[in-house]
Amino acid sequence: MSILITGGAGYIGSHTVVELQNAGYSVVVVDNFSNSFPEALRRVEKITGKRVPFYKADIRDRSAMEEIFRKEKFECCIHFAGFKAVGQSVTAPWEYYDNNINGTLALIDVMRKYRTKNMIFSSSATVYGKPAFVPITEDCPKGKIVNPYGRTKSMQEEILADIQKADPEWNVILLRYFNPIGAHISGLIGESPVGIPGNLVPYIAQVAVRRLEKLLIYGNDYHTRDGTGIRDYIHVSDLAVGHVKALEAVRQNPGLEIYNLGTGKGYSVLEVVRCFEQVSGVPIPCQVVSRRPGDIAVCYADAGKAERELKWKTTRSLADMCLDSWRWQLGNPNGYHDACS
């Protein structure tokens, strides 16, 4: 039996396919390439030396998904597919609700029809909103979520929890990510955003290769050690290994479980900039502008539950994250776009 990976050509999905194949799992990728590239899967094959079976399909297309489920036998689904840009979700909320919520509903319906009742869901620390306390444990209540992207993640969690409660044959693990950065150590796969990056490190990397003129820092008047926001940055390969550990756990029929995946450490925007400058040897021009609505001062994880129960913890430092991001950007200044042109 195989593991179904929805959105497996995306940034986190492609790195997870690498770790799953290296761990001996058979995977099948479904992706519509709306925000990803087939080239990513070709490069995964170079890294692992194994073929990556994939279907081009939209998970909202029930007939296409049913055809895939008739052909394949799936033990579990790791569900990455979804739109993920916070800013874009504010300007295109209908598209986010349609894609993320309806996509998940259609996927669950096909899964239960074909009796694939194990799900690992790609969620986000965004569901904590402005956290009630830091470091954030899984017991932290959900806060007020200020953007449609975050609300879709919270809604999808609630849907999956209700499905599992109604049918205990389901096993659902919700993985709440903090801030994935970095790239595979080979430099072959990494984050390839469309347009101006919405996340810090891809933005820094594009300034470093002079695709962008300067980094905009949104606020330097927070109550933090240097005035800039503090976040928990996690190497994408460490995050990918977390999915392998979650897959091992889902085989133990856990019912419903929630895990934070983060380092348990917070780094400020300026600390990340300085670290990137150090490993790359390239100065990063910066300009401080006003805060963005909804941004919070400090957000980092308590990942102790994942360490205790999944036997998972991060192994890569901030310098590793920045160096691997720089290696990827140097080798692929335009991401996967050059390979597609």
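In every chain, residue numbers begin from 1 and rise along the written sequence. With pLDDT at 70 or above as the cut-off, local features in this predicted model cover only qualifying residues; side-chain atom pairs require 80 or more to be listed or tallied, and sums for whole chains, interfaces and linings still use all residues. Each side-chain value is worked out from all heavy atoms of the structure, with water and hydrogens disregarded.

1. A closer look at unusual backbone geometry
Most peptide bonds are trans, and most residues other than glycine sit at a negative phi.
Then, number 1: With an omega of 0 degrees, the peptide bond running from Val134 to Pro135 counts as cis.
Then, number 2: Helical segments are the DSSP runs of H or I of at least four residues, strand segments are the runs of E of at least two, and each set is numbered from the N terminus. Structurally, Pro135 is set in the loop between strand E5 (118-124) and helix H6 (148-166).
Then, number 3: The phi dihedral of Arg115 falls on the positive side, at around 55 degrees, and the residue is not glycine.
Then, number 4: Tracing the backbone shows Arg115 in the loop between helix H5 (93-113) and E5.

2. Observations concerning the packing of helix H1 (residues 11-22) against helix H8 (residues 236-250)
Then, number 1: Only C-alpha atoms enter the line fits that serve as axes; for helices the fit covers just the stretch in contact. Angles between N-to-C directions range over 0 to 180 degrees. It is at 8 Å that the axes of H1 and H8 come closest, and there the two elements cross at 60 degrees. Relative to H8, H1 is oriented oblique. The crossing of H1 and H8 is right-handed. Contacts from Tyr11, Ile12, His15, Thr16, Glu19 and Leu20 of H1 reach H8 at Val236, Ser237, Leu239, Ala240, Val241, His243, Val244 and Leu247.
Then, number 2: Considering only residue class, the contact of H1 with H8 consists of nine nonpolar, four polar and one charged. Here roughly perpendicular refers to angles of 65 to 115 degrees, roughly parallel to angles under 35, roughly antiparallel to angles over 145, and oblique to all remaining angles. Should the near helix be turned anticlockwise from the far one by less than a right angle, the crossing is left-handed, and should it be turned clockwise, the crossing is right-handed. The contact rule is simple, with two residues in contact once any of their heavy atoms fall within 4.5 Å. Gly counts as polar in this scheme, as do all residues outside two lists: the nonpolar Ala, Val, Leu, Ile, Met, Phe, Trp, Tyr, Cys and Pro, and the charged Asp, Glu, Lys and Arg.

3. Quick look at the packing of aromatic side chains
Then, number 1: What counts as a ring pair is set by centres within 6.5 Å for rings of Phe, Tyr and Trp (its six-membered ring), and what kind of pair is set by the plane angle: stacked under 30 degrees, edge-to-face over 60, tilted for all other angles. Taken as a whole, this structure holds seven aromatic pairs when the rule is applied.
Then, number 2: Ring centres of Phe69 and Phe74 lie 5.0 Å apart, and the angle between their planes is 70 degrees; this geometry places the pair in the edge-to-face category.
Then, number 3: Judged by its relative accessible area of 4%, Phe74 is buried.
Then, number 4: Grouping aromatic residues by their ring pairs yields a cluster made of Phe37, Trp328 and Tyr336. Accessible area is worked out with a 1.4 Å probe on protein chains only. A residue is then buried under 20% of its type maximum, exposed over 50%, and partly exposed in between.

4. Points about the sheet that holds strand E3 (residues 54-56)
Then, number 1: Taking strand neighbours across the sheet as the criterion, the seven strands line up as E3-E2-E1-E4-E5-E6-E11 in an open arrangement whose pairing is parallel. Only two strands of the sheet have a single partner each, and these edge strands are E3 and strand E11 (256-261). Taking the axes of each pair of neighbouring strands and ignoring which way they run, one obtains an average angle of 15 degrees across the sheet.
Then, number 2: We treat two strands as partners when DSSP finds at least two bridges between them. As paired elements, E5 and strand E6 (residues 171-177) share seven bridges and run parallel to each other. Counted as the bridge partner of Phe121 is Leu174 from E6.
Then, number 3: Running at roughly 160 degrees to E6, H8 makes contact with strand E1 (2-6), strand E4 (74-79), E5, E6 and E11 of the sheet.

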